[in-house]
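# Descriptive structure summary
One-letter residues, chain by chain:
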Amino acid sequence: MLQSQNILNKVAMNLLAALIFFTRLPFWRIKEVPAECFKHVVPYWPFVGWITGGITAAVLWLCGQVFPISLAWIIAIVTRLLITGCLHEDGFADFLDGFGGGTTRERVLAIMKDSHLGTYGVIGLIAYFCIIAQICIVPIELLCIFVLCGDCWSKCVASQIANILPYARKEEESKAKSVNSPMNTKERLIAIAGGLIPGILLLPLQYAPAMLCPILTFIVLCLIMKRRIQGYTGDCCGALVVTGELSYYLGCLIIWRLF
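First, a word on scope: everything that follows refers to the structure included in this document. Remember, predicted model here, so these are calculated numbers, not experimental data.

In this structure the tally under the stated criterion is three salt bridges. The partner of Asp151 in a salt bridge is Arg80, and the shortest N-O contact between them spans 3.1 Å. Remark: Arg80 occurs in helix H3 (residues 69-84) and Asp151 occurs in helix H7 (residues 140-159); sequence separation between them is 71 residues. On the basis of relative accessibility, which here comes to 12%, the residue Arg80 falls in the buried class. Among the charged side chains, a salt-bridge network with shared partners connects Arg80, Asp151, Lys155 and Glu245.

Next comes the structure, spelled out in structure tokens:
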């Protein structure tokens, strides 16, 4: 019994650490979290999507009852940006700047660490938001499902980077000042469960093939990271989430238009 209680406490603290790390919501007020827990937040990343995706979907639904769906969609997107502090979009922009402007491994890493936004990042963010704005052509009920499922699944897929590639920097050079450890079997199952459960419960079966899109995006980006920097960084994780979720939306949109 005591051992089970200790396991549950450890899981709860790791989940709380993930909520603190990946959102701007005041979860830090609940309880002080040991620094060690922040090295194990990645397996619980998809469960953060339950919060961010759930709030985004709720805002979309509520605003959609008053405003046109296009405006409701914009408000929902802005809401999630506020919740996450643009964490993933910032990483996506830095990733584009680094891989677009760097010619050597050292230069790519240096550019990604620079807080200034470059041309590749600006163009990438503009293209991303222009594309994602078009997803609102689907019915609002379906879009709410896409938002929640896509948020969780893209983070689940992105979380696997810790098992595929080594961290490309030294721990003390990390922006977050901590490096996530590779997942053990239990942690992998936790991450997969967090990503799959919303889709299993909510996503109509015909849209299941869209879940392959983030996986394909993940494979392509991992190959690029391995070739260019022989590993990954926090910015690479942000790029995996943003591109994975966008590919998921596009996959769902294609299926919706075809069927």
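So much for the structure itself; the text now carries on.
Structurally, the position occupied by Arg24 is in the loop between helix H1 (2-22) and helix H2 (45-64). Using a relative accessible area of 60% as the deciding quantity, one classes Arg24 as exposed. Along the backbone, Arg24 and Ile83 are 59 residues apart, and their C-alpha atoms lie at a distance of 5.4 Å. Not counting residues within four places of it along the chain, the set of residues in contact with Arg24 comprises Leu82, Ile83, Thr84 and Gly85.

On the surface, Val66, Phe67, Leu71, Ile74, Val78 and Leu82 cluster together to form a nonpolar patch covering roughly 560 Å² of accessible area. Looking at where Leu82 falls in the secondary structure, it is placed in helix H3. Exposure remark for Leu82: the relative accessible area of 64% places this residue in the exposed category.

One can find Ser154 in helix H7. Accessibility expressed as a relative area gives 2% for Ser154, which makes it buried. A polar atom in the side chain of Ser154 sits 3.2 Å from the backbone oxygen of Asp151. Once residues lying within four places of it in the same chain are set aside, the contact partners of Ser154 are Val241, Gly244 and Glu245.

Each value, and the rule that gives it
Residues numbered from 1 in each chain as written. Predicted model: local features only at pLDDT ≥ 70, side-chain atom pairs only at ≥ 80, totals over all residues. Heavy atoms only, no water. Salt bridge = Lys/Arg side-chain N within 4 Å of Asp/Glu carboxyl O. Helix = DSSP H or I, 4+ residues; strand = E, 2+ residues; numbered from the N terminus. Buried < 20%, exposed > 50% of the residue type's maximum accessible area, 1.4 Å probe, protein only. Contact = heavy atoms within 4.5 Å. Patch = residues over 30% accessible without salt bridge, like charges linked within 9 Å, V, L, I, M, F, W, Y side chains within 5 Å. Areas by Shrake-Rupley, 256 points an atom, 1.4 Å probe, with all protein chains shown as cover. Polar contact = N/O pair within 3.5 Å; in protein donor to acceptor, adjacent residues only side chain to side chain.

Spatial relationships are all this shows, so hold off on functional conclusions.
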